[in-house]
Amino acid sequence: MGEIEILSKPLDYDFPDDWYEIAIDGHFWLEWRLAAFLRQARDLGIPLDAPWHGLDVGCGHESYLAGFLTRFRDAQGIGVELDPNVAEEARRTLREAEVWRRGEIRIGDFLTLELPSRFDLILLNNNLHYFPAAEHGTLFRRAVSKLTPGGVLAIQTGVVESSAVSRLLGADAGMALLDLFLRSHANLHGLPDLAALHERLRAAGFPTTGEVPILPGGSSRYVWARLPEEDAGSAG
């Protein structure tokens, strides 16, 4: 089938059941990304309805942790942020969402910061490009050491995807420009090669990895890695 036929073929998207509520929400993309992750969590059998403890690495203004804690009233979470000013904004976000009693912001580097416990879920949301590929092993081994048995590392990232759907939506060009922008800065790094990313995750101690598209066409997705139910943290 030629490219024109592919692009003109009706597209079958796997929309969430609550797509309309998401679309009219003021935080459209945040809600869409959370919905994509929650669908994958259900498929993996992650018991998010039970009490759980999450860690948001490089949390920024902390919309993601606030979103999770709003949905799951038995959950607790910590956000880690390097910039003190951004960390204060994150604390404000948690207060405004009325989840500050169950959420905490700590200032420091995830690789060296003293953390109080292990976590059921660790999030890296659109910030893997701050770490050079040579440091991914150190980053992922640190995540292994801070996860509970059966714990999950979820990495949200853009990818340079050249599928027919991503071309139709213009997402492939957008991600290619983002990748070029990142590679043009000495302190940033390009979007990941997915095959190499999965290989690094497995080498760090995650026996099971996978991915789920966030946007139709897969130009933005969650890459997840899960520990077995025992021996978590053995990688130190």
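The shown structure was predicted, so the numbers you read here are calculated from the model rather than taken from an experiment.

Colleague: Which parts of the structure should I look at to understand the overall build of the chain?
Modeller: The helix and strand tally for the chain stands at 9 helices and 7 strands. In the chain, which comprises 236 residues, the share counted as buried stands at 49%. Taking all contacts inside the chain whose residues are at least 6 apart in sequence as the whole, residues at least 24 apart take part in 69%. Within the structure as shown, the chain displays about 12,100 Å² of accessible surface, and the carbon and sulfur contribution to it stands at 53%.

Colleague: So what exactly am I meant to see when it comes to the sheet that holds strand 1 (residues 53-57) here?
Modeller: Pairing between sheet strands relies on hydrogen bonds along the backbone, with the strands arranged either parallel or antiparallel. Pairing is mixed in the open sheet, where 7 strands are placed in the order 3-2-1-4-5-7-6. Each of the sheet's edge strands pairs with one partner strand only, and the pair in question is strand 3 (103-107) and strand 6 (208-213). Recorded for the sheet is a direction-independent mean angle of 20° between the axes of neighbouring strands. One ladder, built from 6 bridges, connects strand 4 (residues 119-125) with strand 5 (residues 147-158); its direction is parallel.

Colleague: For this particular structure, what's the right way to read the side chain of Thr-148?
Modeller: Summarising the element assignment, Thr-148 is placed in strand 5. With relative accessibility at 17%, the residue Thr-148 sits in the buried group. At 3.0 Å, the side chain of Thr-148 forms a polar contact with the side chain of Asp-120.

Colleague: What is the right way to look at the layout of surface pockets in this model?
Modeller: A probe as big as a water molecule, rolled over the atoms, marks out the empty space that is left. Estimated volume of the largest pocket: approximately 280 Å³. Forming the boundary of the largest pocket are 13 residues, of which Gly-58, Leu-82, Asn-127, Tyr-130 and Phe-131 lie nearest the centre.

Colleague: How should I be thinking about the pattern of salt bridges in this particular structure?
Modeller: Once the charged atoms of two side chains with opposite charge are near each other, the side chains can pair. In this structure the tally under the stated criterion is 6 salt bridges. Here Glu-88 makes a salt bridge to Arg-91, at a shortest N to O gap of 3.3 Å. Taken together, the residues Glu-88 and Arg-91, both in helix 5 (residues 84-96) and 3 residues apart, mark about one turn of the helix. Beyond isolated ion pairs, a larger network of salt bridges with shared partners links Glu-88, Arg-91 and Arg-95.

Colleague: Explanation requested: the packing of helix 6 (residues 136-145) against helix 9 (residues 194-204) in the structure shown.
Modeller: Any two packed helices are characterised by how steeply their axes cross, that is the angle between the axes, and by the distance between the axes. Viewed as axis vectors pointing N to C, helix 6 and helix 9 meet at an angle of 50°, and their least axial separation amounts to 9 Å. With respect to their mutual orientation, helix 6 and helix 9 come out oblique. Between helix 6 and helix 9 lies a crossing whose hand is right-handed. Taken together, the residues of helix 9 that come into contact with helix 6 (itself represented by His-136, Gly-137, Phe-140, Arg-141 and Val-144) are Leu-197, Arg-200, Leu-201 and Ala-204. For the contact of helix 6 with helix 9, the residue count by class is 5 nonpolar, 2 polar and 2 charged.

Colleague: Would you explain helix 6 in this entry?
Modeller: One turn of the α-helix equals 3.6 residues, which is why residues spaced by three or four share an orientation. Most of helix 6 is tucked away: 8 of the 10 residues are buried. Those residues of helix 6 hidden inside the fold are in contact with strand 4, strand 5 and helix 9.

Colleague: Would you take a moment to explain the environment of Asp-193 for this structure?
Modeller: Positionally, Asp-193 belongs in the loop between helix 8 (171-183) and helix 9. Each C-alpha atom, one on Asp-193 and one on Ala-133, is 9.9 Å from the other, the two residues being 60 residues apart in sequence. Polar contacts involving the side chain of Asp-193 include one to the main-chain amide nitrogen of Ala-196, which spans 2.8 Å.

Colleague: For this particular structure, what's the right way to read the side chain of Lys-146?
Modeller: Position of Lys-146 relative to the elements: it lies in the loop between helix 6 and strand 5. Despite its burial, Lys-146 pairs with no opposite charge; the closest candidate is Glu-114, at 6.3 Å N-O. With near-sequence residues (within four places) excluded, Lys-146 lies in contact with Phe-110, Leu-115, Ser-117, Arg-118, Phe-119 and Ile-122.

Colleague: Can you help me understand the packing of aromatic side chains in this one?
Modeller: Aromatic ring pairs are defined here through the distance separating the ring centres and the angle between the ring planes. Within the structure shown, the criterion is met by 2 aromatic pairs. Taking 6.0 Å as the distance between ring centres and 90° as the angle between the ring planes, the aromatic pair formed by Trp-52 and Phe-68 counts as edge-to-face. Remark: Phe-68 occurs in helix 4 (residues 63-71) and Trp-52 occurs in the loop between helix 3 (28-44) and strand 1; sequence separation between them is 16 residues. A single burial state applies to Trp-52 and to Phe-68, both of which are buried. Aromatic pair Trp-52 and Phe-72: ring centres 6.0 Å apart, planes at 70°, arrangement edge-to-face. Residue Trp-52 is found in the loop between helix 3 and strand 1, and its partner Phe-72 is found in the loop between helix 4 and strand 2 (76-81); the two are separated by 20 residues along the sequence. By the burial criterion, Trp-52 is buried, and Phe-72 matches it. The positively charged end of Arg-142 is found above the aromatic ring belonging to Phe-110, 5.4 Å away from the centroid.

Quick notes on the rules
Numbering of residues starts from 1 in each chain and follows the order in which that chain's sequence is written. With the structure being a predicted model, the display of local features is reserved for residues of pLDDT at least 70 and the display and counting of side-chain atom pairs for 80 or more, all residues being used for whole-chain, interface and lining totals. No hydrogens and no water enter the side-chain calculation; it runs on all heavy atoms of the structure. In DSSP terms, a helix is any run of H or I states spanning at least four residues, a strand is any run of E spanning at least two, and both are numbered starting from the N terminus. Exposed residues in this analysis have more than 50% of their type's maximum accessible area, buried residues have under 20%, and partly exposed residues fall in between, with area computed by a 1.4 Å probe over protein chains only. Whether two residues are in contact is decided by their heavy atoms: any pair within 4.5 Å suffices. Each accessible area is a Shrake-Rupley result for a 1.4 Å probe, and residues are judged covered by the shown protein chains and nothing else. Between any two strands, pairing holds if DSSP finds at least two bridges. Between N-to-C directions, angles span 0 to 180 degrees; the directions come from axes that are lines fitted to C-alpha atoms, helices contributing only their stretch in contact. Each polar contact in these results corresponds to two N or O atoms within 3.5 Å; when the atoms are within protein, one needs to be able to donate a hydrogen and the other to accept it, and residues that are neighboring in sequence are counted only if both atoms are side-chain atoms. Cavity: a set of points on a 1 Å grid over the protein atoms alone where a 1.4 Å probe fits but cannot get out. Pocket: an open set with protein on both sides within 12 Å along at least five of seven lines, its lining residues, like those of a cavity, having an atom within 4 Å of a point. Grid points are joined across faces, edges and corners, and a volume is the space filled by probe spheres set on the points. For this analysis, a salt bridge means a side-chain nitrogen from Lys or Arg found within 4 Å of a carboxyl oxygen belonging to Asp or Glu. Should an angle fall under 35 degrees it is taken as roughly parallel, and over 145 as roughly antiparallel, whereas 65 to 115 is taken as roughly perpendicular and any remaining angle as oblique. With the far helix as reference, a near helix turned anticlockwise by less than a right angle produces a left-handed crossing, and one turned clockwise produces a right-handed crossing. Amino acids outside the nonpolar list (Ala, Val, Leu, Ile, Met, Phe, Trp, Tyr, Cys, Pro) and the charged list (Asp, Glu, Lys, Arg) are all regarded as polar, and Gly is one of them. His residues and chain termini do not enter the charge count, which takes Lys and Arg as positive and Asp and Glu as negative. Between 30 and 60 degrees the pair is tilted, below 30 it is stacked and above 60 it is edge-to-face, where a pair is any two Phe, Tyr or Trp rings, Trp via its six-membered ring, whose centres lie within 6.5 Å. Sitting over a ring, as applied to charges here, requires NZ of Lys or CZ of Arg to be within 6 Å of the ring centre and within 35 degrees of the ring normal.

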